[in-house]
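# Tertiary structure, described
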Amino acid sequence: MTDHSHLSRPLAVPAGRISRFGRMGSLAAGVAGRMAVGGALQLGQGRRPVARDLLLTPTNMRRIADELARMRGAAMKVGQLMSMDTGDVLPPELADIMARLRADADFMPPQQLRDVLDAEWGAGWRKRFARFDVRPIAAASIGQVHRAQLPDGTDLAIKVQYPSIARSIDSDVANIGRLIRLSGLLPDGFAIDPYLDEARSQLKEEADYHAEAAHLEHFAALLKGDPSLTLPELHAPLSTGKVLAMTFVPSDRIESVADLPQEQRDHVMYVLCDLMLRELFVFGAMQSDPNFANYRHDPDTGRIVLLDFGATRNLPPRLSEQMRALMRSGSAGARGEVAQVVAAMELVPETVDEPFRARILDMIMLVFDEIRASPLLDIAASGLSQRLQQAGEALAADDFVPPPVPMDLLYIQRKVAGMFLLANRLRARVPVADLMAKHMDHT
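Read on for an overview of the structure.

Thresholds, definitions, all that
Residues numbered from 1 in each chain as written. Predicted model: local features only at pLDDT ≥ 70, side-chain atom pairs only at ≥ 80, totals over all residues. Heavy atoms only, no water. Axes fitted to C-alpha atoms, helices over the stretch in contact; angles between N-to-C directions. Helix = DSSP H or I, 4+ residues; strand = E, 2+ residues; numbered from the N terminus. Parallel < 35°, antiparallel > 145°, perpendicular 65-115°, else oblique. Left-handed = near helix turned anticlockwise from the far one by under 90°. Contact = heavy atoms within 4.5 Å. Nonpolar A, V, L, I, M, F, W, Y, C, P; charged D, E, K, R; others polar. Core = buried A, V, L, I, M, F, W, Y, C linked by side-chain atoms within 4.5 Å. Buried < 20%, exposed > 50% of the residue type's maximum accessible area, 1.4 Å probe, protein only. Pairing = 2+ DSSP bridges. Salt bridge = Lys/Arg side-chain N within 4 Å of Asp/Glu carboxyl O.

### A few points about the packing of helix α11 (residues 317-331) against helix α17 (residues 432-440)
- Running from amino to carboxyl end, α11 crosses α17 at an angle of 130°, the nearest separation of the two axes being 10 Å. By the criterion of interaxial angle, the relationship of α11 to α17 is oblique. Classified by chirality, the crossing of α17 by α11 is left-handed. Mapping the contact onto sequence places R324, M327, R328 and S331 in α11 and M436, H439 and M440 in α17.
- Here the contact of α11 with α17 is built from residues that sort into three nonpolar, two polar and two charged.

Take a look at the structure:
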């Protein structure tokens, strides 16, 4: 979800498949045309055109970002999967475009919103509410969220899906793939198809609000009675396959925790990291989208509010056991065992050239070394993030092409990276070794 403070402007979502396809084709043709003109001008000036430089003109970058923001859906999902919100896979230029998409989400104008709700709830639906705010409080890749109040005073948050998003997923993903390939910014040999396939699959799952409602209720049952966490309650009478109605839980952005005393910041990150490990090792299901907007903080109770279960993923038991084995080996400093585990997981398969494998293992062991050395791991102060980034950039500079990672593992990596980034943002200290020890020996 995108926080309401970042919403841009009301702009109709292209609804028809032909309309969406035409817009993407026009975008690609326009970018290619400007590249050709720019190349001709450079030749006329006696310079050899470079495709990368021709694409990355301010005009092209702005047009790509504007059009993809309007398309929502596939563009945002592919960017999230490939960049993992950290720029790990996408080159910085494309990662910047995707980051802008998350920040500058447009929203449906009132007439389009009314059409969607008329189709889902029938005409006259406004009579069911004491108040319904047409300006959304948040927007995401496939829908936007509105506040409303029932006549009995119950406050609701209502997520409304953009029109025709579900029907256009296949063509949207294919067109995004064409645009990314056109950019020429991916490293030679990089396999983009698995990411496109997963984006297509994940979008279709997230477009099923019945499924998200079931995930919400499942996690509510799993976390019932937890004194540190709270979730909205499903309001089934108003929920459909394209509308999800929940109770509205008053809360602040999770980033607001950064202004609290150290002890409270540490507690928030302890709770969230412990939740992640419970998802992995106890629940067998993980809310895999670590976008900061999916976590909120209730300053009155101190509880963390969990939102958006559309990206919930059931994890295969074998992968959970492999992750447990990785934690055991890494915590013991057993590099050889770590190498065997990550090869079996296909995180660092044996097909990767040995020099690259050794450097990736160095990065993995760097993390475990820091965890062992720091009973309270302070991500912000440790410099670990910068060291890992430098090592990753050195790999890219040496033309390392990352192999396709199994998608379940990719989602776990994404969640871990999200916790890493949030701990850094909140300047929180986390007893990572103790948290891992709680789960390493469980069967």
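Having seen it, we continue.
### Here we look at the nonpolar core
- One finds F129, I158, M269 and L306 to be the most contacted residues of the largest nonpolar core, which totals 102 residues.
- Considering every element that reaches this core, the biggest residue donor is helix α10 (residues 262-283), with 11 residues.
- Not counting residues up to four positions away in its chain, the partners in contact with L306 are L223, L229, T230, L231, P232, L272, L275, N294 and Y295.

### What to know about the sheet that holds strand β11 (residues 304-306)
- On the basis of which strands lie adjacent, the open sheet formed by four strands has the order β6-β11-β10-β8 and mixed pairing. In this open sheet, the two edge strands, each paired with only one partner strand, are β6 (229-230) and β8 (252-253).
- Bridge analysis of strand β10 (residues 295-297) against β11 gives three bridges, and the strand direction is antiparallel. Residue pairing for β11: H297 is matched across the bridge by I304.

### Some details on the pattern of salt bridges
- Considering all chains together, one arrives at 23 salt bridges under this definition.
- The salt bridge involving R313 is made with E198; its shortest N-O contact spans 2.9 Å. One end of the pair, R313, is in strand β12 (residues 312-314); the other, E198, is in helix α8 (residues 193-206), and 115 residues separate them in sequence. E198 matches R313 in its accessibility class, with the two residues each being buried.
- In this structure, E255 and R253 form a salt bridge, with 3.4 Å as the shortest nitrogen-oxygen distance.
- On the accessibility criterion, R253 (35% relative accessible area) is partly exposed.
- Beyond isolated ion pairs, a larger network of salt bridges with shared partners links D170, D197, R200 and K204.

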